[in-house]
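Close look at the chain arrangement
Below, each chain spelled out in residue letters.
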Amino acid sequence: MTPILNTPAWKHAERHAHGLRDVHLRDLFAHDPTRFQRLAVRWNDWLLDLSKQRITPDTLPLLAGLWEAADVPGWIAKMRAGEPINHTEGRAVLHIALRHAGSPIQVDGHDVMPDVQAVLARMRAFCAAVHSGQWRGATGEPITDVVNIGIGGSDLGPRMATQALAAFRVPHLRVHYVANLDGADLATTLAGLNPRNTLFIIASKTFTTQETMQNACSARHWLAGALGDAAVARHFVAVSTALDKVAAFGIDPDNAFAFWDWVGGRFSLWSAIGLPLALAIGFDKFEQLLAGAHAMDEHFFSAPPLENLPALLALIELWNADFVGLQTRAVLPYSQSLGLLPRYLQQLEMESLGKQIDRAGKPVGCPTLPILWGEPGTNGQHAFYQLLHQGGRALSCEFIACRTPDYPLAGHHEKLLANCFAQSAALMKGKTEAEALAELQAAHAPAPDFLAPYKIFPGNQPSTTLLLPRLDPHTLGALIALYEHKVFTLGVLWHLDAFDQWGVEYGKQIANSLLPMLEGEAPVAGVDSSTAGLIAAVRS
Ligand code: F6P
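In this report, the structure presented in the accompanying data block is examined. (Residues numbered from 1 in each chain as written. Predicted model: local features only at pLDDT ≥ 70, side-chain atom pairs only at ≥ 80, totals over all residues. Heavy atoms only, no water.)

Further remarks concern the packing of aromatic side chains. By the definition in use, this model includes 19 aromatic pairs. Ring centres of Trp67 and Phe300 lie 6.2 Å apart, and the angle between their planes is 85°; this geometry places the pair in the edge-to-face category. With Trp67 in helix H4 (residues 59–69) and Phe300 in helix H13 (residues 283–302), this residue pair connects regions lying 233 residues apart in the sequence. For Phe300, a relative accessible area of 0% puts it in the buried group. (Phe/Tyr/Trp six-rings, centres within 6.5 Å; stacked < 30°, edge-to-face > 60°. Helix = DSSP H or I, 4+ residues; strand = E, 2+ residues; numbered from the N terminus. Buried < 20%, exposed > 50% of the residue type's maximum accessible area, 1.4 Å probe, protein only.)

And the structure:
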């Protein structure tokens, strides 16, 4: 296959980018009053505004040439057919099956849909039992608190969605999340809980992850210390692909919820990894989340690239990374409920695409995913937006807002949206020195010439705005699937395996070798002087 950098589509895009190098966004808007109409894309009642990106109406058709050149439709077909497109791990990539209904989806000649449906049915029954009080703790008391112990993909998705959908949560049940190996995470969570009313979900695809296993052991110790070993069966359930390890840990296999190695950790919210979320919002709402994701799947599989939201997000990311030269992207939800979305996307996007070696084992040859970070607006405005406006660094911003609020407090939502739209406008157009001076003079400010340079805003900072109708389970499901398919598309465009994560292994490997040295069970040897010095400082 021809590397994407050598395709005519890439060369066309390169020439086009060269022609736009010195163009300012404010001029693009000034010269084309129809710019928004031409560069905003709608899907159902969603609106994706790309008009503040550094593109012209010619750019997207050129970039769509890359979609064809990389054969994204062919890769979609491979994914849907259950081919092992996670090629370094030899696995199929079928999180779409988890929100699919009906027709068979095969992996190695086996239809996985009955397995998926069976686990969903068990999750539904379990949620009903906990909510109704039929599932009780060892002392016969109902469950009031659920603690999910997991990390990475076994934590971030359900945690983010539980916060995002807090407006829909069932009464009388609190759901907590513990991830960090630092004992402070578990200790502070347990401090407010009563073991008699607490249910733990141990969520780990592999059931070997150090953080999760340590937290699970400490939680079991806490519970058994209060209620005895026999109580563990009524207070611990597990979600894993490794049911033998679940049993070895001491959790009743009847209380284990399976998933499969064709579900990547960071794509696993839709599987039984979503159990804490389903408990938090109820299984009917969890099904609405799945339906929303499925609707986005159908859109991604069928819409042409210029009307296809995941494709457009992917093409714009590639454009910014490889043709505009931007190295970071800020995700800025103007929604308190989506406050954890940037953190969730950090794993989804950076663990998937933070790579440089392609499927042929060769360097990709161009920058891949920019660094992703972010915070909800308006809080970020009072923290780091100063740098976005005047820090002299070009970056791309992604604003996400909802037309209607999930908590309709009078006077809040219009102000929130006004701030969101104002920020993208300010970043786009900037303010010239002449404008700054004129403003100061009109306001009869003292020393306008002195102050004017500080009031210059270079502008030309590109941004995307995604306007959602409202934040509900269906919309959230579609939103997450939108980013999953964006990741898939970029993986194809850069010819990367977006589904492995070898980069997380090395640090773990070294940590395992340092642990006996820190515990004093092995001599401090074979390490650099900094590491040896740090270990010595702790041990002294
Ligand atoms: O960070 C590496 C990773 O393997 C992630 O991909 C995964 O989501 C996380 O660790 C947790 O893994 P597990 O679910 O197996 O505990």
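Attention now goes to the pattern of salt bridges. For the coordinates displayed, the defined rule picks out 22 salt bridges. As a salt-bridge pair, Asp284 and Arg124 come within 3.1 Å of each other at their nearest N and O atoms. Of this pair, Asp284 sits in helix H13 while Arg124 sits in helix H6 (residues 113–132); the two residues are 160 residues apart in sequence, bridging distant segments of the chain. Residues Arg329 and Glu349 are paired through a salt bridge, measuring 2.8 Å at the closest nitrogen-oxygen approach. Remark: Glu349 occurs in helix H15 (residues 341–353) and Arg329 occurs in strand E10 (residues 328–333); sequence separation between them is 20 residues. Across the pair, Glu349 and Arg329 agree in class, each one buried. Connected via shared salt-bridge partners are Glu317, Arg329, Glu349, Glu398 and Lys486. (Salt bridge = Lys/Arg side-chain N within 4 Å of Asp/Glu carboxyl O.)

Neighbouring residues of the ligand: 13 residues in total, closest Ser154, Ser204, Thr206, Thr209 and Glu351. Within the side chain of Ser204, an N or O atom sits 2.6 Å from an oxygen atom of the ligand. In the model, an oxygen atom of the ligand is placed 2.7 Å from a nitrogen or oxygen of the Glu351 side chain. Across the complex, the protein chains shield 86% of the 390 Å² of accessible surface that the ligand would expose by itself. Split into classes, the residues belonging to the shell around the ligand amount to 2 nonpolar, 9 polar and 2 charged. (Near = heavy atom within 4 Å. Polar contact = N/O pair within 3.5 Å; in protein donor to acceptor, adjacent residues only side chain to side chain. Areas by Shrake-Rupley, 256 points an atom, 1.4 Å probe, with all protein chains shown as cover. Nonpolar A, V, L, I, M, F, W, Y, C, P; charged D, E, K, R; others polar.)

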